[in-house]
Amino acid sequence: MVVPAFENGGTLAETLDSVLAQEGVDFELIVADHSSTDDTRAVMERYADDPRVRLMTTEAGGGAGRNWNAVTAAASGELIKLVCGDDVLRPGVLARQAELLGPPGTVLTACRRDIVDADGATVMRGWGLRGLGRRMPGSEAVRRAVRAGSNLFGEPASVMMRRDVLEAVGGWFDRFPYLIDQATYSRVLLRGDFVPDPEVGATFRMSASQWSVALVRDQSAQARAFHAWLRAEHPDVLGEGDRRTGDVRAALMARTRRLSYRVLKRRMR
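Residues numbered from 1 in each chain as written. Predicted model: local features only at pLDDT ≥ 70, side-chain atom pairs only at ≥ 80, totals over all residues. Heavy atoms only, no water.

Trainee: Talk me through the layout of surface pockets; I want residue IDs and the actual numbers.
Mentor: Approximately 280 Å³ is the volume attributed to the second largest pocket. Every residue lining the second largest pocket is counted, 17 residues in all, and those nearest its centre are Val 25, Asp 26, Phe 27, Glu 78 and Leu 79. Looking at the lining of the second largest pocket, the elements with two or more residues in it are β4 (79–80), α4 (93–100) and β9 (159–162). (1 Å grid on protein atoms, 1.4 Å probe; cavity = no way out; pocket = protein on both sides within 12 Å on 5 of 7 lines; lining within 4 Å. Points joined across faces, edges and corners; volume = space filled by probe spheres on them. Helix = DSSP H or I, 4+ residues; strand = E, 2+ residues; numbered from the N terminus.)

Trainee: Got a sec to walk through the packing of aromatic side chains? Specific residues and values, please.
Mentor: For the coordinates displayed, the defined rule picks out eight aromatic pairs. On the basis of an interplanar angle of 80° and a centroid distance of 5.0 Å, the ring pair of Trp 68 and Trp 172 is categorised as edge-to-face. Linking Trp 68 in helix α3 (residues 63–73) with Trp 172 in the loop between α6 (163–168) and α7 (180–189), this pair joins segments that are 104 residues apart in sequence. By relative accessible area, which is 6% here, Trp 68 ends up buried. Residue classification places Trp 172 among the buried positions, given a relative accessible area of 4%. Through a chain of ring-to-ring contacts, the aromatic side chains of Phe 173, Phe 176, Phe 226 and Trp 229 assemble into a single cluster. A cation sits over an aromatic face here: Arg 187 above Phe 173, 4.0 Å from the ring centre. (Phe/Tyr/Trp six-rings, centres within 6.5 Å; stacked < 30°, edge-to-face > 60°. Buried < 20%, exposed > 50% of the residue type's maximum accessible area, 1.4 Å probe, protein only. Lys NZ or Arg CZ within 6 Å of the ring centre and 35° of its normal.)

Trainee: Please provide a residue-by-residue account of the nonpolar core, values included.
Mentor: Leu 108, Phe 153, Leu 189 and Phe 194 are the most contacted members of the largest nonpolar core, which has 47 residues in total. At the level of secondary structure, the elements contributing two or more residues to this core comprise β2 (29–33), α3, β6 (106–116), α5 (138–148), β9, α6, α7 and α9 (219–233). Those residues within four positions of Leu 108 in sequence are excluded, and the remaining contacts are Leu 101, Phe 153, Val 159, Met 160, Met 161, Tyr 185, Val 188, Leu 189, Asp 193, Phe 194 and Val 195. Residues Ala 5, Leu 12, Leu 20 and Val 83 belong to the second largest nonpolar core, which totals 26 residues. (Core = buried A, V, L, I, M, F, W, Y, C linked by side-chain atoms within 4.5 Å. Contact = heavy atoms within 4.5 Å.)

Trainee: Mind laying out the pairing of β6, listing which residues take part and the relevant values?
Mentor: A regular strand places its side chains on the two faces of the sheet in alternate fashion. By the criterion of burial, β6 is predominantly enclosed, with 10 of the 11 residues buried. Direction of pairing for β6 relative to strand β10 (residues 193–205): parallel, over a ladder of 10 bridges. Of the residues in β10, the one forming a bridge with Ala 110 is Pro 196. Here three bridges tie β6 to β9, and the two strands are oriented antiparallel to one another. The partner of Ala 110 across the bridge, within β9, is Val 159. Where β6 folds back on strand β7 (residues 122–127), the antiparallel hairpin that results is connected by five residues, among which Gly 120 adopts a positive phi of roughly 90°. (Pairing = 2+ DSSP bridges.)

Trainee: Which residues make up the pattern of salt bridges, and what values do they have?
Mentor: For the coordinates displayed, the defined rule picks out 16 salt bridges. The closest approach of N and O atoms between Arg 144 and Glu 140, which form a salt bridge, is 2.7 Å. Placement of the pair is Arg 144 and Glu 140 together in helix α5, with a separation of four residues, close to one helical turn. Look at Glu 140 and you get buried, because its relative accessible area is 18%. What you see here is one network of salt bridges that share partners, running through Arg 231, Glu 240, Arg 243, Arg 244 and Asp 247. (Salt bridge = Lys/Arg side-chain N within 4 Å of Asp/Glu carboxyl O.)

Trainee: Report on the sheet that holds β2, specifying residues and quantitative values.
Mentor: Pairing between the strands of a sheet comes from backbone hydrogen bonds, and it takes one of two forms, parallel or antiparallel. If you trace the three strands from one edge of the open sheet to the other, you get β1-β2-β3, paired in parallel fashion. A single partner strand is all that each edge strand has here, and the edge strands are β1 (2–5) and β3 (53–57). The mean angle between the axes of side-by-side strands here comes to 15°, regardless of whether they run parallel or antiparallel. Looking at chain direction, β2 and β3 are connected through five bridges and run parallel. What sits directly across from Val 31, in β3, is Leu 55. Packing of α3 onto the sheet brings it into contact with β1, β2 and β3, and relative to β1 it is tilted by some 150°. (Axes fitted to C-alpha atoms, helices over the stretch in contact; angles between N-to-C directions.)

Quick look at the structure:
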């Protein structure tokens with residue numbers, strides 16, 4: 001378990017408590033502060049005496065890619081789950097997903113999640129895994145997500161994967177910053193099978209201060225670039241028709257997200 005934290009002083013305790021309350025599986029918890037200017041580090045220090053917890057600091061700059069890779073590189077377990085410092089795990093998700101990744105050849109699992117606003121009010125329930133309701137080759141899961149124009153797997157709190165496979169593909173892939181999670185999942189999934197976790201296992205917090213909001217106008221452009229890269233690198237996985245369909249749907253999804261963030265900002269007022 002790894003938690004890359006940045007300016008998460010107001011939410012980090014809830015995140016860490018949700019991890020440390022997990023039962024039925026042994027785990028380590030590595031928390032890295034990306035040189036925050038708020039009280040993130042002070043919140044982390046409250047957990048320093050827990051033998052499962054290791055605290056780190058990563059230097060400023062480099063965005064999510066640097067912090068995510070630094071904290072992931074410090075992990076030693078067979079499986080890896082990254083939870084951002086404002087998201088929450090539901091009880092039992094670690095043990096359940098570890099079991100799902102037990103069969104040979106399975107490299108990644110993902111659960112559905114609830115989407116909440118900055119105040120914790122639920123915006124959408126049971127979101128994710130559309131069209132991914134069964135075990136399938138990872139290449140098929142990747143193609144379905146591209147054709148949907150959306151990250152069907154969800155944010156990192158929804159996902160667990162094999163650490164050795166993540167390392168083998170080069171870690172978190174941030175060439176397309178807005179799609180760092182989906183692009184990384186895709187590279188991992190090309191090494192094995194996907195298996196869904198049918199439960200709601202996490203909560204993702206939408207916030208007007210998130211780094212993804214700053215990139216909202218670039219969403220569809222980065223999605224198109226990612227689709228083009230995947231098509232060029234793996235033409236056996238993604239056909240030209242898949243790429244075009246994904247580009248159109250990604251543009252539609254970007255418009256939908258813009259609307260959702262406008263609604264969120266009005267709610268925050």
